[in-house]
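# Working through the structure, step by step
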Amino acid sequence: MIRGIGAAMGDAGRIKGTVEDLRRWGFGPDPAFEALIAEEGGRAIGLCLYFRSFSTWRGMPGAYVQDLYVDPESRGGGLGRALLAALARHVAPRGWGYIRLSVDAANVAAQGFYRRAGFAHKAEDLIHQIDGADFRRLAGEMP
């Protein structure tokens, strides 16, 4: 399903994560993420992969959705919204009070989907990222 996200975005070649990476980081005593998987007839048709986030401004934890995917043949029936609702029901008893995510600027269809689901774009927030050689250089700097 993660490869399906990349294919839908026209960026399948950018996906570097492997099944082994998911096993390593998603399972064990300190998993880096959790996932809700929707199945139909024993076949996975939907994924909501998320991890814990913390907002100092809100003073509470929440969920950051890294990947939300619905198989193209299953789209339009409410499964994406059902996965988000299941996530909210799953984390609310833990005291988590919000869901955050980012949407590719070119993915207008997804932006509309999230708006219809009640999500609001926060114009005051811009996502910044560092990785690769720049990340390694920063990690090597002396405090």
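Residues numbered from 1 in each chain as written. Predicted model: local features only at pLDDT ≥ 70, side-chain atom pairs only at ≥ 80, totals over all residues. Heavy atoms only, no water.

### Description of the packing of aromatic side chains
Stated precisely, the cut-off is as follows: The rule is short: rings of Phe, Tyr and Trp, with Trp giving its six-membered ring, pair when the centres are within 6.5 Å, and they are stacked under 30 degrees, edge-to-face over 60, tilted in between. Only protein chains enter the calculation, and the probe is 1.4 Å; a residue is then buried if its accessible area is under 20% of its type maximum, exposed if over 50%, and partly exposed in between. Only lysine NZ and arginine CZ atoms are considered, and such an atom sits over a ring when it is within 6 Å of the ring centre and within 35 degrees of the ring normal.
All chains considered together, the criterion is met by 4 aromatic pairs. Summarising the aromatic geometry, the rings of Tyr114 and Phe119 are spaced 5.6 Å apart at their centres and angled 70° between planes, so their arrangement reads as edge-to-face. Its relative accessible area of 11% is what places Tyr114 among the buried residues. Phe119 gets classed as partly exposed once you look at its relative accessible area, which sits at 21%. Here the aromatic residues Phe113, Tyr114 and Phe119 are joined through ring pairs into a cluster of three or more. Lying across the ring of Tyr98, Arg58 places its NZ or CZ 4.1 Å from the centre. Its end group placed over the ring of Trp96, Arg94 keeps NZ or CZ at 4.9 Å from the ring centre.

### Examining the nonpolar core
The tendency in soluble globular proteins is for nonpolar side chains to be buried side by side. What counts, and what does not: Side-chain atoms within 4.5 Å are what join buried Ala, Val, Leu, Ile, Met, Phe, Trp, Tyr and Cys residues into a set we call a nonpolar core. Secondary structure counts use DSSP, requiring at least four H or I residues in a row for a helix and at least two E residues in a row for a strand, with both numbered from the N terminus. By the convention used here, residues are in contact when the closest approach between their heavy atoms is within 4.5 Å.
One finds Cys48, Tyr50, Val65, Leu68, Leu83 and Leu87 to be the most contacted residues of the largest nonpolar core, which totals 17 residues. Every element with two or more residues in this core is listed here: strand S1 (34-40), strand S2 (43-55), strand S3 (60-70), helix H3 (79-91) and helix H4 (108-116). In terms of residue count, the dominant contributor to this core is H3 (5 residues). The contacts of Cys48, once residues within four sequence positions are left out, are Glu34, Ala35, Leu36, Val65, Asp67, Leu68, Leu83 and Leu87.

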